[in-house]
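# Fold and geometry: a report
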Amino acid sequence: MENYSDAPIGVFDSGLGGLTVMREIMRCLPDENIIYFGDTARVPYGSKSRDTIIHYVEQILHYLEEQEVKAIVVACGTASAYALEAVRHKVSVPILGVVRPGVRAAAAITKNGKIGVIGTEASVKSGLYESLLHKINPELKVCSVACPLFVPLVEEGLWRDEITTLVAKRYLTSLKEAGVDTLIMGCTHYPLLEETIREVMGSEVRLVNIGVETAKVLSRILSERGITKKTLDAPPVYRFSSSDAPEKLCRFGEYALSMTIPEAVRISIEDY
Ligand code: DGL
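The subject of this paragraph is the site of the ligand. Surrounding the ligand, one finds 14 residues, the nearest of these being Ser14, Tyr45, Gly77, Thr78 and His189. Between Thr78 and the ligand, the recorded distance is 2.6 Å, taken from a side-chain N or O atom to an oxygen atom. About the coverage of the ligand: the protein hides 99% of its 290 Å² of free accessible area. The cavity where the ligand resides is the largest cavity.

Pasting the structure below:
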């Protein structure tokens, strides 16, 4: 690439949920080129072991580095919680996850010091949200709930459905009863269920979209390193790839990003 600053940003998730992070990056950094990869053949990561998740993430990083990206966003709560620190030293470009930006925002927003965290089983089990929140303020009360059915409901497109409302009520009641005033949606699939989550939690509870916070941090990192895109007369190029069913990524992406996605490429990620 002639001008390194014009290289794309690599964004990946276990599946399609990371598109919610891509959406926020597109809003915050509308000129940037982006490559999205969804590991749709191996989703969900949330029920896998730490070693397996790290192995998957390493393969995706090889693929993205081969695409000559200038920065990488781990747009997956589970992979951020389990793999980011283990792989950080293996890549030559800036890499960031979604957990820390979400945690910092929640700690700044809460008024009553009671924060809820929802995520995959693995994310909740990692205890990372809780320990990072307590590092910022040991007085915070943190209540975490795993919501394993949310990811398949999102991947099935049941974003607004009575089944989803029922499941949300089942998962979120204890958080409501605990009186949290801030709720971290600690999985990148969840912003697609935001309306349902808001309905169940009540409008007084602030929902933290970790993608929004991550996009802001990414923007800061690019400008600090002087690698914000320079060629502004060319429109941004968005490329999409997945390890399975690229046509599903196109369909889903059209809803999630409100744009037409003419093509997504299937990548044999096991070869990396
Ligand atoms: N979007 C992923 C996350 O943020 C989904 C998790 C999964 O694959 O189970 O955790």
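Each pair of packed helices can be summarised by the angle the axes make with each other and by the distance between the axes. Packing of helix H5 (residues 99-109) against helix H11 (residues 210-224) brings their axes to within 8 Å, and their N-to-C directions diverge by 105°. Judged by the inter-axis angle, H5 sits roughly perpendicular to H11. Every residue of H11 that contacts H5 at Pro101, Gly102, Arg104 and Ala105 is listed here: Ile210, Glu213, Thr214 and Val217. For the contact of H5 with H11, the residue count by class is 4 nonpolar, 2 polar and 2 charged.

This part takes up the environment of Lys176. Looking at the element boundaries, Lys176 is found in helix H9 (residues 162-177). As a C-alpha pair, Lys176 and Gly202 span 26 residues in sequence and 8.6 Å in three-dimensional space. Sequence-distant contacts of Lys176, that is, excluding residues within four places in its chain, are made with Val200, Met201, Gly202 and Glu204.

Now for the layout of surface pockets. The computed volume of the largest pocket comes to approximately 290 Å³. Lining the largest pocket are 21 residues, with Leu84, Glu85, Arg88, Gly97 and Arg100 positioned closest to its centre. Put simply, the parts of the chain that give the lining of the largest pocket at least two residues each are helix H3 (77-82), helix H4 (84-87), strand E4 (95-97), H5 and H11. Here the lining of the largest pocket gets 4 residues from one element, more than from any other, and that element is H5. Partitioning the lining of the largest pocket into residue classes produces 13 nonpolar, 2 polar and 6 charged.

Reading across the sheet, the 4 strands line up as E6-E5-E7-E8 and stay open at both edges, with parallel pairing between neighbours. At either end of the open sheet lies a strand with only one pairing partner, and these are strand E6 (141-146) and strand E8 (206-209). On average, adjacent strands in this sheet sit at an angle of 20° to one another, irrespective of strand direction. Bridge analysis of strand E7 (residues 182-185) against E8 gives 4 bridges, and the strand direction is parallel.

Here we come to the nonpolar core. Within the largest apolar cluster, 97 residues are counted, with the highest numbers of intra-cluster contacts made by Leu19, Ile25, Ile118, Phe150 and Ile197. A total of 8 residues in this core trace back to one element, the largest contributor, which is helix H2 (residues 50-66). In this structure, Leu19 is in contact with Tyr36, Phe240, Leu249, Phe252, Gly253, Ala256 and Leu257, ignoring residues within four places of it in sequence.

We now examine the side chain of Ser242. Counting through the fold element by element, Ser242 comes out in strand E9 (residues 238-242). Each residue touching Ser242, except ones within four places of it in the same chain, is listed here: Phe37, Gly38, Thr40, Leu249, Val265, Arg266 and Ile267.

Further remarks concern empty space enclosed by the protein. Taken as a whole and judged by the stated rule, the model has 2 cavities of 30 Å³ or more. Volume-wise, the largest cavity comes out at about 80 Å³. Around the largest cavity, the lining is made up of 14 residues, and of these Ser14, Thr78, Thr120, Val151 and His189 lie nearest the centre. In terms of residue class, the lining of the largest cavity is made up of 6 nonpolar, 7 polar and 1 charged.

The next subject is the pattern of salt bridges. Scanning the entire structure with this criterion turns up 14 salt bridges. Residues Glu24 and Arg27 are paired through a salt bridge, measuring 3.1 Å at the closest nitrogen-oxygen approach. You can see Glu24 and its partner Arg27 sitting in helix H1 (residues 19-28), 3 residues apart, about one turn around the helix. Here Arg27 falls in the exposed class, since its relative accessible area comes to 58%. Arg88 is the partner of Glu85 in a salt bridge, and the nearest nitrogen-oxygen pair spans 3.1 Å. A relative accessible area of 46% means that Glu85 is categorised as partly exposed. Through salt bridges with shared partners, one network takes in Arg23, Glu24 and Arg27.

This next bit is on the environment of Thr173. Secondary-structure assignment places Thr173 in helix H9. Overall, Thr173 belongs to the partly exposed group, its relative accessible area being 36%.

Reading guide: rules and limits
Residues numbered from 1 in each chain as written. Predicted model: local features only at pLDDT ≥ 70, side-chain atom pairs only at ≥ 80, totals over all residues. Heavy atoms only, no water. Near = heavy atom within 4 Å. Polar contact = N/O pair within 3.5 Å; in protein donor to acceptor, adjacent residues only side chain to side chain. Areas by Shrake-Rupley, 256 points an atom, 1.4 Å probe, with all protein chains shown as cover. 1 Å grid on protein atoms, 1.4 Å probe; cavity = no way out; pocket = protein on both sides within 12 Å on 5 of 7 lines; lining within 4 Å. Sits in = over half its atoms within 2 Å of the grid points. Axes fitted to C-alpha atoms, helices over the stretch in contact; angles between N-to-C directions. Helix = DSSP H or I, 4+ residues; strand = E, 2+ residues; numbered from the N terminus. Parallel < 35°, antiparallel > 145°, perpendicular 65-115°, else oblique. Contact = heavy atoms within 4.5 Å. Nonpolar A, V, L, I, M, F, W, Y, C, P; charged D, E, K, R; others polar. Points joined across faces, edges and corners; volume = space filled by probe spheres on them. Pairing = 2+ DSSP bridges. Core = buried A, V, L, I, M, F, W, Y, C linked by side-chain atoms within 4.5 Å. Buried < 20%, exposed > 50% of the residue type's maximum accessible area, 1.4 Å probe, protein only. Salt bridge = Lys/Arg side-chain N within 4 Å of Asp/Glu carboxyl O.

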